[in-house]
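Structure at a glance
Now for the letters of each chain:
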Amino acid sequence: MTHHVNTDHLIDEMSTRAYHAMLNSRALSLEELSTKTEKDMLRIKNVGKKTIKELQSILAKAGLQFKSIPKKRRSEKSIKCRLCGRSGKTELCKNCTALIRSLKVVVKQIAAIVIYKEDQKSESHLKRAGDPGSFNHAK
Ligand SMILES: [Zn+2]
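Residues numbered from 1 in each chain as written. Predicted model: local features only at pLDDT ≥ 70, side-chain atom pairs only at ≥ 80, totals over all residues.

1. So, the overall build of the protein
Short version of the rule: Secondary structure is summarised from DSSP: a helix means a run of H or I of at least four residues, a strand means a run of E of at least two, and numbering begins at the N terminus for each. The exposure label follows from counting other C-beta atoms within 10 Å of a residue's C-beta, where the C-beta atoms are placed from the backbone and the thresholds are 20 or more for buried and 12 or fewer for exposed, leaving partly exposed in between. We call two residues in contact whenever the C-beta atoms placed from their backbones are within 7 Å.
Across its full length, the protein carries seven helices and two strands. Going residue by residue from the N terminus, the α and β elements of the protein occur as α-α-α-α-α-α-β-β-α. Burial status across the protein gives 9% buried among its 139 residues. Within the protein, residue pairs in contact and separated by at least 24 positions form 43% of the contacts whose partners lie at least 6 positions apart.

Put into structure tokens, the structure is as follows:
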């Protein structure tokens, strides 16, 4: 636990403001403090950028740092949806993908109806062309 002795010494060097910030974050040691993010710390009363900077330099002396937020990096990489412009991970957001899927279904349904109607037309043409002759012959 030589580390513990070292951090104790660093905690003694802290300003009361930084020390209170650490305690208010419910961290009892610098190692515990390093599990917090800067955002976590900024949520604490009376903690500003100045306190954050002081805590950062103290953590650095102990070979530690605030926990980094991986979410930030992800959001920087986000792409805007080509249809609605909403930022996401893909060129089409989930909503637009679902919309396109449902549109494809509708288009298929319309195409099926059109093809069915055209089939009926051509079938009735064939019937009209062929039936009257045989009908006449029967009479
Ligand atoms: Zn979209």
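More follows now that the structure is in view.
2. Side note on the nonpolar core
The cut-off we apply is this: As used here, a nonpolar core is made of buried Ala, Val, Leu, Ile, Met, Phe, Trp, Tyr and Cys residues. They are joined through C-beta atoms within 7 Å.
The biggest cluster of nonpolar side chains holds 10 residues, and these are Ala18, Ala21, Met22, Leu30, Leu33, Met41, Val47, Leu55, Ile58 and Leu59. Put simply, the parts of the chain that give this core at least two residues each are helix 2 (16-24), helix 3 (30-33) and helix 5 (49-61). Those residues in contact with methionine 41 that sit more than four places away from it in its chain are Ala21, Ser25, Lys36, Val47, Ile52 and Leu55.

3. Description of unusual backbone geometry
Apart from glycine, the bulk of residues carry a negative phi angle, and the bulk of peptide bonds sit in the trans form. A positive phi angle is found at arginine 26, which is not glycine, with a value near 65 degrees. One can find arginine 26 in the loop between helix 2 and helix 3. Of the residues examined, arginine 26 has 11 C-beta atoms within 10 Å and is grouped as exposed. Of note, the phi angle at asparagine 46 is positive, near 65 degrees, even though the residue is not glycine. Looking at where asparagine 46 falls in the secondary structure, it is placed in the loop between helix 4 (38-42) and helix 5. With 9 C-beta atoms counted inside 10 Å, the residue asparagine 46 sits in the exposed group.

4. Quick notes on helix 2
We apply this condition: Taken from the helix axis, the directions to the C-beta atoms give the arc we talk about.
Among the residues of helix 2, those classed as buried are Ala18, Ala21 and Met22. Taken around the axis of helix 2, the buried residues stretch over an arc of 100 degrees, which confines them to a single face. Exposed positions of helix 2 whose direction lies more than 90 degrees from the buried face are Thr16 and Leu23. The secondary structure elements touched by the buried residues of helix 2 are helix 3, helix 4 and helix 5. Within two residues after helix 2, arginine 26 carries a phi angle of roughly 65 degrees, on the positive side.

5. Some details on helix 5
What counts here: To estimate the expected span of a helix, subtract one from its residue number and multiply by 1.5 Å.
If you check helix 5, its first and last C-alpha atoms are 18 Å apart, about what 13 residues at 1.5 Å a residue would give, namely 18 Å. Within the span of helix 5, buried status applies to Leu55, Ile58 and Leu59. Buried residues of helix 5, seen end-on, are gathered within an arc of 100 degrees and therefore sit on one face of the element. Facing away from the buried surface of helix 5 by more than 90 degrees, the exposed residues are Lys49, Lys50, Lys53, Ser57 and Ala60. Phi turns positive one or two residues past the end of helix 5, at glycine 63, with a value near 75 degrees.

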